[in-house]
Structures are given as C-alpha cells and as structure tokens.
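Report on the structure
Residues per chain are reported as follows:
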Amino acid sequence: AQSVTQPDIHITVSEGASLELRCNYSYGATPYLFWYVQSPGQGLQLLLKYFSGDTLVQGIKGFEAEFKRSQSSFNLRKPSVHWSDAAEYFCAVNDYKLSFGAGTTVTVRA
Amino acid sequence: DTGVSQDPRHKITKRGQNVTFRCDPISEHNRLYWYRQTLGQGPEFLTYFQNEAQLEKSRLLSDRFSAERPKGSFSTLEIQRTEQGDSAMYLCASSLEGRGDGYTFGSGTRLTVV
C-alpha cells in the first residue's frame with residue numbers, strides 16, 4: 001500500500017529564512033505526489049503536485065518541490081518565508097485515493 | 001463555482017446523539033471523499049463515491065457511520081450514537097477521476113462530543 005512519512009513534526013524558522021520540509025514516500029510504481037497546506041481551523045489547500053516530467057515543480061505562494069526517485073523523497077522548499085506561511089503542511093500520495101502524512105507544523109518567528 | 005461547501009462548520013453534541021453533516025462538491029467533479037482529522041494528525045480516509053456509488057469504506061467507518069450521495073450530487077455523513085472518540089474535524093473533498101488530479105477540500109465540520 002502507498003504511504004508517506006514526514007519526519008519532522010514541528011519546524012521553527014525565522015521570517016525571511018529558507019524552509020525545507022521533508023517527505024518520503026513508499027509506492028511501487030510512479031507516484032502521484034502532492035503537498036497541501038492547512039491554516040488553523042481550515043480545510044486543505046493544494047500547493048503543488050507531481051506525477052511526471054520535470055522533477056522540480058513550482059507551486060503557489062512561492063513554494064517548489066523536488067522529486068527524487070533514488071531517495072524516494074518529495075521535499076518542499078521556499079527560499080524566503082513570510083509570517084503568513086505559518087501553518088501545517090501535509091505531503092500526500094495518490095493511488096486511487098489520497099493518503100496523507102502526519103504533517104509538519106511550521107512556526108515563523110519575527 | 002464556489003468550491004466545496006460543508007455544513008455545519010461546527011457541531012457540539014451530547015454523547016449518544018445522532019449527527020448529520022452535508023457536503024456540496026464542485027458540480028463537475030464526479031468523485032467525493034470523506035476524511036477525518038484529529039488534532040496533530042493528517043487526514044484519514046473514511047469513504048469515497050464515484051457519482052452515486054460508494055466504492056470504498058475504511059475500517060475506520062464503524063457501523064455507526066453511514067454516508068450517502070443521492071443522485072451523485074451532495075453527500076451526507078451521519079454518525080449515530082456519537083461517542084467522545086468521534087470528536088474530530090470531518091473533511092469533504094471532491095475531484096475529477098484520475099490520480100493526477102488533486103482534491104479540492106471543503107473547510108470541514110468540527111465535531112465536539114461532550
């Protein structure tokens with residue numbers, strides 16, 4: 001069965017600093033991978049997705065992610081974090097339904 | 001289209017009562033999903049529909065839970081004889097068929113069982 005693991009439960013980053021969130025997947029075939037963001041008390045918003053082609057994908061809000069098959073990873077990055085990026089971030093893999101990781105909470109300090 | 005709508009946003013109920021949640025998906029999406037999310041966890045799959053057919057139910061969906069999608073449009077999720085362990089955020093999402101399509105999520109229904 002497909003699954004994703006997000007090793008970091010909580011990350012604190014200074015405003016303006018770079019951010020990288022880790023995601024490792026387990027899937028037998030070509031994975032369909034997604035990153036979602038969730039603000040407190042809200043639903044999930046799609047940041048970006050990968051299923052083929054260029055291994056570096058661009059998303060909304062200045063986020064990008066890189067697919068590395070050799071490492072079974074799909075890490076999310078942002079060069080310069082804004083206070084509004086404080087949220088919970090979920091990596092997910094889609095077989096015929098989305099399966100989510102446990103999430104990484106991002107705190108942004110001034 | 002205004003996206004995926006869920007009603008109510010919040011529900012507080014006493015243990016043992018029945019509750020029903022509604023989800024209105026994006027109109028052209030033929031798939032509809034229900035997820036449950038507890039604090040500090042990622043969403044967990046409960047069930048999904050393709051049009052009006054319920055194609056899969058998770059082991060998490062006990063006999064007290066039932067979901068319907070009459071006519072392949074809106075969906076309802078009912079929990080009978082609620083327990084404190086049912087307290088969670090219930091998320092609905094919709095999508096077109098296909099693994100490459102991301103889901104569009106609603107804002108969720110926060111259930112608190114007291």
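Look above for the structure.
This write-up is about the structure you can find in this document.

About the criteria used
Residues numbered from 1 in each chain as written. Chains lettered and ligands numbered in written order. Predicted model: local features only at pLDDT ≥ 70, side-chain atom pairs only at ≥ 80, totals over all residues. Heavy atoms only, no water. 1 Å grid on protein atoms, 1.4 Å probe; cavity = no way out; pocket = protein on both sides within 12 Å on 5 of 7 lines; lining within 4 Å. Points joined across faces, edges and corners; volume = space filled by probe spheres on them. Helix = DSSP H or I, 4+ residues; strand = E, 2+ residues; numbered from the N terminus. Nonpolar A, V, L, I, M, F, W, Y, C, P; charged D, E, K, R; others polar. Contact = heavy atoms within 4.5 Å. Buried area = accessible area lost by both parts, 1.4 Å probe. Salt bridge = Lys/Arg side-chain N within 4 Å of Asp/Glu carboxyl O. Polar contact = N/O pair within 3.5 Å; in protein donor to acceptor, adjacent residues only side chain to side chain. Pairing = 2+ DSSP bridges. Axes fitted to C-alpha atoms, helices over the stretch in contact; angles between N-to-C directions. Buried < 20%, exposed > 50% of the residue type's maximum accessible area, 1.4 Å probe, protein only.

Remarks on the layout of surface pockets
Counted as a void, the largest pocket has a volume near 330 Å³. In terms of lining residues, the largest pocket is bounded by 17 residues, among which Ser99(A), Pro43(B), Glu44(B), Phe45(B) and Leu60(B) are the most central. Of all the secondary-structure elements, those providing two or more residues to the lining of the largest pocket are strand 11 (98–100) of chain A together with strand 5 (44–50) and strand 6 (53–57) of chain B. Per-element tally for the lining of the largest pocket: the top contributor is strand 11 of chain A, with 3 residues. Along the lines of polarity and charge, the residues of the lining of the largest pocket split into 7 nonpolar, 5 polar and 5 charged.

Focus: the interface of chain A and chain B
In this complex, chain A contributes 23 residues to the contact, which on the side of chain B involves 23 residues. Across the chain A to chain B interface the summed buried area is about 1,800 Å²; carbon plus sulfur atoms make up 49%. Close ionic contact of Lys97(A) with Glu56(B) constitutes a salt bridge, the shortest N to O distance being 3.4 Å. At the surface where chain A touches chain B, the tally comes to 5 residue pairs in polar contact (both at pLDDT 80 or more). Every element with two or more residues in the side of chain A that touches chain B is listed here: strand 5 (33–38), strand 6 (44–50), strand 10 (87–94) and strand 11 of chain A. Here the residues of the side of chain A that touches chain B are counted per class, giving 13 nonpolar, 7 polar and 3 charged.

A closer look at the pairing of strand 8 (residues 64–68) of chain A
Residues and elements named next belong to chain A. Looking at chain direction, strand 7 (residues 56–58) and strand 8 are connected through 3 bridges and run antiparallel. Across the sheet, residue Val57 finds its bridge partner in strand 8, namely Ala65. Taken together, strand 8 and the strand that follows it, strand 9 (residues 73–78), pair antiparallel across an intervening segment of 4 residues, in which Ser72 is found at a positive phi of about 50°.

Let's talk about the sheet that holds strand 3 (residues 19–24) of chain B
Residues and elements named next belong to chain B. With respect to topology, 4 strands assemble into an open sheet ordered 1-3-8-7, the strand pairing being antiparallel. Only two strands of the sheet have a single neighbouring strand rather than two, namely strand 1 (5–7) and strand 7 (65–68). When strand polarity is set aside, the average angle formed by the axes of neighbouring strands in this sheet is 15°.

Section: the pattern of salt bridges
With the rule as written, the count across this model stands at 8 salt bridges over all chains. A salt bridge links Asp85(A) to Lys78(A); the nearest nitrogen and oxygen atoms lie 2.8 Å apart. In this structure Asp85(A) comes out as buried when scored by relative accessible area, which is 4%. Between Glu83(B) and Arg64(B) there is a salt bridge, with its nearest N and O atoms 3.4 Å apart. Linking Glu83(B) in the loop between strand 8 (75–79) and strand 9 (88–95) with Arg64(B) in the loop between strand 6 and strand 7, this pair joins segments that are 19 residues apart in sequence. On the basis of relative accessibility, which here comes to 41%, the residue Glu83(B) falls in the partly exposed class. Because the salt bridges share partners, they merge into one network encompassing Glu64(A), Glu66(A) and Arg77(A).

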